[in-house]
Each structure stands twice: as structure tokens, then as C-alpha cells.
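Chain and residue survey
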Amino acid sequence: MLKLHFAPNSRAGRILWLLEELQLEYELNEMKFHPSDLKSDQHRERHPLGRVPVLEDGDVSIYESGAIVEYILSRHAPGKLKPEISSNLFPSYLQWFHYCEGMVMPPINIIVVQTILLPKERQNAEALGQAERLLSKTLAPIEKQLNNKEYIIGDFSAVDIMLGHACFMANRLGRVEESMNNLRNYIKNIESRSAFKKAINT
Ligand SMILES: N[C@@H](CCC(=O)N[C@@H](CS)C(=O)NCC(=O)O)C(=O)O
């Protein structure tokens with residue numbers, strides 16, 4: 001049985017969302033988003049940095065949300081939520097899948113640190129401003145990609161689990177500009193999916 005180590009309001013929501021979309025059976029270890037759970041010796045055995053998500057599957061224990069998504073698709077849902085290697089959508093799928101953690105999440109991480117995690121006296125306006133400008137730049141190509149598309153590569157795919165979740169987070173932080181109409185519609189499309197609702201409300 002797949003076992004997901006999870007904390008609310010985190011990238012672990014991506015994996016829960018995927019498991020729900022695929023209607024796979026799973027067990028959930030619900031932890032608090034707090035050092036008492038995440039930095040415990042027990043959780044550091046699963047993830048050396050004490051982070052989520054982590055997935056266990058028999059003898060396998062794996063971290064990194066993108067790797068977990070690919071693992072689940074390959075071993076438990078072959079052919080689903082991903083174009084065939086020979087499809088002309090495949091390179092686009094790969095590009096946007098990795099654009100999530102590679103380009104969009106780094107400025108989001110800084111914004112979260114600078115506005116939520118650090119106490120006021122340690123917050124740095126320059127670092128925050130830089131991250132906000134970078135996030136806006138990284139969202140612009142997604143806005144363009146979504147022209148006449150409901151989801152990133154057309155039909156719903158695992159790209160949306162990764163990048164869609166990042167766009168949802170950017171929006172929740174109030175960083176999706178009013179003028180980005182495609183992105184705003186895209187986030188609404190995602191939010192209307194029942195599997196997403198379940199993952200986000202857990
Ligand atoms: N690149 C990793 C990032 C993992 C990560 O940073 N997770 C955050 C939650 S979104 C976390 O566990 N933070 C807890 C902490 O930093 O103490 C992934 O995609 O899984």
C-alpha cells in the first residue's frame with residue numbers, strides 16, 4: 001500500500017491530489033507543518049532535511065514531489081496523465097513539469113520565508129522585492145502558454161499537478177496579477193476539480 005507522509009498547506013498536497021485523481025488506494029501519515037513533526041528523528045530518517053512529501057511503497061522510500069509524481073505514474077498508472085514519449089506534446093510536458101520546481105518555486109519559497117516564516121525584524125524588503133519581480137517574470141510564459149488552453153498542455157495532465165499547484169500557491173500569496181487572465185482562469189479550473197478540493201482541504 002502506498003503511504004504518503006503529508007503536512008497541510010505544502011507540496012505534499014500535490015501527491016494527495018494525484019492519488020485522488022488516479023483513485024489509487026493509499027495510507028496518509030498526517031503530520032503537523034511544525035518542526036515537532038517534520039524535524040523529528042523519525043521523519044528525518046525518511047527525509048534528511050525533514051521535509052514533505054515523502055512516499056513509501058513497500059521497500060521504496062522516495063522524496064521530491066516531481067520524482068514522486070513520476071514514480072506513481074510509472075509504477076501505478078502507466079499511460080495515465082502523461083503524453084506518450086512519441087507524442088509531440090511530450091517535450092512540452094517535460095519542460096513545464098520541470099519549470100515548476102526549477103523556475104517558479106524558488107521565488108515562491110523566498111516570498112513565503114520573507115512574509116510568513118521570518119519574524120518581522122529579520123524580513124528583508126530587498127530580497128522580497130527581487131523574488132516578487134522574478135516570480136512575475138516566471139509566470140509570464142505560463143500565461144502565454146495558456147492561450148486558448150484549459151490546462152498547460154491542453155488536456156489535464158501531471159504537469160498541472162506540479163505547475164498548477166505552484167500557480168495556485170502564487171495566487172494564494174496574492175502574486176498573480178489582475179492582468180493575467182489566462183492564469184486566473186486556469187487556477188479556477190484547477191480549483192473546481194474534486195480531487196484537488198479533497199487534497200487542499202486535508
Ligand atoms: N523540492 C522539494 C521541496 C520540499 C519542501 O521544501 N517541502 C516543504 C513544504 S512545501 C517543507 O517540507 N518544508 C518544511 C521545512 O522547510 O521545514 C519537493 O518538491 O518535494
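Note that the coordinates shown come from a computational prediction; the quantities given were computed from them, not determined experimentally. (Residues numbered from 1 in each chain as written. Predicted model: local features only at pLDDT ≥ 70, side-chain atom pairs only at ≥ 80, totals over all residues.)

Here the focus is the overall build of the protein. The number of helices and strands found in the protein is 9 helices and 4 strands. Reading the protein from its N end, one meets helices and strands in the order β-α-β-α-α-β-β-α-α-α-α-α-α. Computed over C-alpha atoms, the radius of gyration of the protein comes to 17 Å, within 12% of the 17 Å expected from 2.2 N^0.38 for 202 residues, which places it in the range of a compact globule. With the principal axes as the frame, the protein shows a C-alpha extent of 50 × 45 × 25 Å. Taken across its 202 residues, the protein has 34% of its residues classed as buried. Sequence-distant contacts in the protein: of pairs separated by 6 or more residues, those separated by 24 or more amount to 63%. (Helix = DSSP H or I, 4+ residues; strand = E, 2+ residues; numbered from the N terminus. Rg over C-alpha atoms; globule rule 2.2 N^0.38 Å. Buried ≥ 20, exposed ≤ 12 C-beta atoms within 10 Å, placed from the backbone. Contact = placed C-beta atoms within 7 Å.)

On to unusual backbone geometry. The omega torsion of the bond from Val 52 to Pro 53 falls at 5°, within 30 degrees of zero and hence cis. On the secondary structure map, Pro 53 appears in the loop between helix H3 (41–46) and strand E3 (54–57). A positive phi angle, close to 55°, is found at Asn 9, a residue other than glycine. Within the secondary structure layout, Asn 9 lies in the loop between strand E1 (2–6) and helix H1 (12–22). By the C-beta count within 10 Å, which is 11 here, Asn 9 ends up exposed. Backbone geometry at Asn 148 places phi at a positive 60°, although glycine is not the residue there. Here Asn 148 lies in the loop between helix H6 (125–145) and helix H7 (158–172).

It is worth spelling out the domain arrangement of the protein at this point. Along its sequence, the protein is organised into domain 1 (2–76) and domain 2 (90–200). Using C-alpha coordinates to define each centre, domain 1 is positioned 21 Å away from domain 2. Opposite the 11 residues of domain 1 that make contact, domain 2 presents 12 residues. Elements supplying a minimum of two residues to the side of domain 1 that touches domain 2: H1 and helix H4 (65–76). (Domains from an automatic or database assignment.)

What follows covers the nonpolar core. Core analysis: the largest hydrophobic core is formed by 50 residues, its most contacted members being Val 159, Met 162, Leu 163 and Ala 166. In terms of residue count, H7 provides more of this core than any other element does, 10 residues in total. In this structure, this core is formed jointly by two domains, domain 1 (2–76) and domain 2 (90–200), each of which donates at least three residues. Those residues in contact with Val 159 that sit more than four places away from it in its chain are Tyr 93, Trp 96, Phe 97, Ile 152 and Ile 153. (Core = buried A, V, L, I, M, F, W, Y, C linked by C-beta atoms within 7 Å.)

Before going further, it helps to spend a moment on the site of the ligand. Lining the immediate environment of the ligand, one finds Ser 10, Arg 11, Leu 38, Gly 50, Arg 51, Val 52, Pro 53, Glu 64, Ser 65, Gly 66 and Glu 101. Considering only residue class, the shell around the ligand consists of 3 nonpolar, 4 polar and 4 charged. (Near = placed C-beta within 6 Å. Nonpolar A, V, L, I, M, F, W, Y, C, P; charged D, E, K, R; others polar.)

Once that is clear, we can look at the sheet that holds strand E2 (residues 26–30). Here 4 strands make up an open sheet; going across it, the order is E2-E1-E3-E4 and the pairing mixed. Looking at which strands have only one partner, the edges of the open sheet turn out to be E2 and strand E4 (60–63). Taking the axes of each pair of neighbouring strands and ignoring which way they run, one obtains an average angle of 20° across the sheet. Where E1 lies against E2, 5 bridges are found, and the strand directions are parallel. (Pairing = 2+ DSSP bridges. Axes fitted to C-alpha atoms, helices over the stretch in contact; angles between N-to-C directions.)

Bringing the pairing of E3 into the picture now. The side chains of a regular strand alternate, residue by residue, between the two faces of the sheet. When E1 meets E3, the two strands line up antiparallel, connected through 4 bridges. Residue pairing for E3: His 5 is matched across the bridge by Val 54. Here 4 bridges tie E3 to E4, and the two strands are oriented antiparallel to one another. The partner of Val 54 across the bridge, within E4, is Tyr 63.

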